[in-house]
Amino acid sequence: LCQQQNFTAYFQTNQMIAFFDSGYGGYTIMAEVEKLLPDYEYLYLGDNFRAPYGNHSPDRIKDLSESAVEYLFAQGATLIIIACNTICASSLRHLQEKYLREPNVKNRKILGIITPTVEYAAQKVRGKIAVIGTRATIESQVYDIELTKIDPKVSLVSKACPLLVPLIEENWHKKPEAKMILKKYLHSVKTHNPEILIPACTHYPFMDKDIRRFMGKKTIVLNQGEIVANSLKNYLQRHPEIESNLKKSSIRNFQTTGDAEKFSEMLRNAGAKHILQVEKVVF
Ligand code: DGL
């Protein structure tokens, strides 16, 4: 009986915040969240083996993300942040409807990153907004739809940049060839003189310096990770029933379906300090 009680207690308190992305990108969100909210336990899952998702059909992305969400809940995550614009665009509502409907899961949550970004952008600017993202995100027109809901007169230019995620997943993004491709994509965006640019793909902050340099001083480049971190902080303040169940600890777990060595090297290069161990997993 005692053992049973310990077991139950463990699962009641072992409730961490999980981030899911197709690959490395979601870490740019997690890093900002961790900076602002360092006292929770975090789990990161990157499906590097099957990345990029951005060239898949919406149905394929739904299937892949369903498996990931089921896997993360089974690991003890109670709050899953879909740290990927591509997955949010095609599957967020579907995942919420499928996994959060039953009454016995009321303290589980699946949150996306597009809504806070759109709300932030809409209140921040009056001029033109530029959005860059994967082919799936741009074709979904989710940013156009959501921004227009807030401001029907919003002026928007968007551009799919499908080659960038593969370059980042390959750790080639610092090479001159990658910078040349980025510049080519941004050239047409820049001719519209946007007031802000939304890098609507969580991989793009790996090329943040180049994006800022090519866009120039007149365009504000948003930091989606920072926006999501502030929005999550606010969410947890408004939802004590969720917050009080989250485990407070300095543990960070990293899991990838790809190469664990490459994963830790890549994140260390991106400034991560706490990566003790990366586990290769299958889901
Ligand atoms: N990081 C993902 C996003 O925010 C895209 C990655 C992919 O294409 O797999 O859209």
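Just above sits the structure.
Residues numbered from 1 in each chain as written. Predicted model: local features only at pLDDT ≥ 70, side-chain atom pairs only at ≥ 80, totals over all residues. Heavy atoms only, no water.

With respect to the packing of helix H5 (residues 114–124) against helix H7 (residues 142–150)
Worth spelling out the cut-off: Whenever a helix is involved, its axis is fitted only over the stretch in contact; in every case the axis is a line through C-alpha atoms, and angles between N-to-C directions fall within 0 to 180 degrees. The numbering of helices and of strands both runs from the N terminus, where a helix is a DSSP run of H or I of at least 4 residues and a strand a run of E of at least 2. What sets the label is the angle itself: under 35 degrees gives roughly parallel, over 145 gives roughly antiparallel, 65 to 115 gives roughly perpendicular, and the rest give oblique. For any helix crossing, the convention is left-handed if the near helix is rotated counterclockwise from the far helix by under a right angle, and right-handed if that rotation is clockwise. Residue contacts follow a heavy-atom distance rule, with two residues in contact if any of their heavy atoms lie within 4.5 Å.
One way to put it is that H5 packs onto H7 with a least axis distance of 10 Å and a crossing angle of 50 degrees. It follows that H5 is oblique to H7 by the angle criterion. Seen from above, H5 lies across H7 with right-handed handedness. Touching Ile-114, Thr-117, Val-118, Glu-119, Ala-121 and Ala-122 of H5 are Val-142, Tyr-143, Glu-146, Leu-147 and Ile-150, all from H7.

Notes on the sheet that holds strand S7 (residues 196–199)
Within a sheet, each strand pairs with its neighbour through backbone hydrogen bonds, oriented either parallel or antiparallel. Put simply, the test is: In short, DSSP must find at least two bridges between two strands for them to pair.
In space, the 4 strands of this open sheet follow the order S6-S5-S7-S8, with parallel pairing throughout. Taken across any chain shown, the strands that pair with only one partner, and hence form the sheet edges, are strand S6 (156–160) and strand S8 (220–221). Taken together, the 5 bridges between strand S5 (residues 129–133) and S6 define a ladder with parallel strand orientation. The partner of Ile-129 across the bridge, within S6, is Leu-156.

Focus: the site of the ligand
Formally: Nearness is judged by heavy atoms alone; a residue qualifies as near a molecule or strand once a single heavy atom is within 4 Å of it. Polar contact is defined as a pair of N or O atoms within 3.5 Å, subject to the rule that within protein one atom must be able to donate a hydrogen and the other to accept it, and that residues adjacent in sequence are counted only when both atoms are side-chain atoms. Here the Shrake-Rupley method, with its probe set to 1.4 Å, supplies the accessible areas, and only the displayed protein chains count as covering residues.
Inspection of the region around the ligand gives 13 residues, with Ser-22, Tyr-53, Thr-86, Thr-202 and His-203 positioned closest. In this structure, an oxygen atom belonging to the ligand sits 2.5 Å away from a main-chain N or O atom of Tyr-53. In the model, a nitrogen atom of the ligand is placed 2.8 Å from a nitrogen or oxygen of the His-203 side chain. For the ligand, whose unbound accessible area comes to 300 Å², protein coverage reaches 100%.

What about the sheet that holds strand S1 (residues 16–21)?
Spatially, the 6 strands line up as an open sheet ordered S4-S3-S1-S2-S9-S10, and their pairing is parallel. Each edge of the sheet is formed by a strand with only one pairing partner; in this case those strands are strand S4 (109–111) and strand S10 (278–280). Strand-to-strand twist across the sheet, computed as the mean angle between neighbouring axes with direction ignored, equals 20 degrees. With 5 bridges joining them, S1 and strand S3 (residues 77–82) adopt parallel strand pairing. The residue bridging Ala-18 from the neighbouring strand is Ile-80, located in S3.

Let's talk about the nonpolar core
The condition that has to hold: Nine residue types can take part in a nonpolar core, namely buried Ala, Val, Leu, Ile, Met, Phe, Trp, Tyr and Cys, and a core is a set of them joined through side-chain atoms within 4.5 Å. Using a 1.4 Å probe on the protein chains alone, a residue whose accessible area is under 20% of its type maximum counts as buried, one over 50% counts as exposed, and one in between counts as partly exposed.
The biggest cluster of nonpolar side chains holds 94 residues, and the ones touching the most others in it are Phe-19 and Ile-82. Looking at this core element by element, the count peaks at 7 residues for helix H3 (residues 58–75). With sequence-adjacent residues up to four places away left out, Phe-19 is seen in contact with Ile-29, Met-30, Val-33, Tyr-42, Leu-43, Tyr-44, Leu-45, Ile-81 and Ala-83.

Focus on unusual backbone geometry
Across residues other than glycine, the phi torsion is negative in most instances, and most of the peptide bonds are trans. With an omega of 0 degrees, the peptide bond between Ala-51 and Pro-52 qualifies as cis. Considering the arrangement of structural elements, one finds Pro-52 in the loop between strand S2 (42–46) and H3. The phi torsion at Asn-171 lies on the positive side, around 60 degrees, for a residue other than glycine. Looking at where Asn-171 falls in the secondary structure, it is placed in the loop between helix H8 (164–169) and helix H9 (176–190). Taking the relative accessible area as the measure of exposure, Asn-171 reaches 30% and is therefore partly exposed. If you check the backbone angles, Asn-193 has positive phi at about 45 degrees while not being a glycine. Inspection of the secondary structure puts Asn-193 in the loop between H9 and S7.

Quick word on the pairing of S5
Across a regular strand the side chains alternate sides, sitting on one face of the sheet and then on the other. Among the 5 residues that make up S5, 5 are buried, leaving the element largely enclosed by the rest of the structure. Side-chain alternation along S5 places Ile-129, Val-131 and Gly-133 on one buried face and Ala-130 and Ile-132 on a second face that is also buried. Sheet topology note: the S5/S7 ladder contains 4 bridges and is parallel. In the sheet register, Ala-130 faces S7, and the bridge partner there is Leu-197.

Observations regarding the packing of H3 against helix H4 (residues 85–99)
Between H3 and H4, whose axes approach to 9 Å, the crossing angle comes to 55 degrees. By the criterion of interaxial angle, the relationship of H3 to H4 is oblique. The handedness of the crossing between H3 and H4 comes out as right-handed. Facing Pro-58, Ile-61, Lys-62, Ser-65, Glu-66, Val-69, Glu-70 and Phe-73 of H3, the residues of H4 in contact are Thr-86, Ile-87, Ser-90, Ser-91, His-94, Leu-95, Lys-98 and Tyr-99.

Remarks on the side chain of Ser-249
On the secondary structure map, Ser-249 appears in the loop between helix H12 (240–243) and strand S9 (252–256). Residue classification places Ser-249 among the buried positions, given a relative accessible area of 17%.

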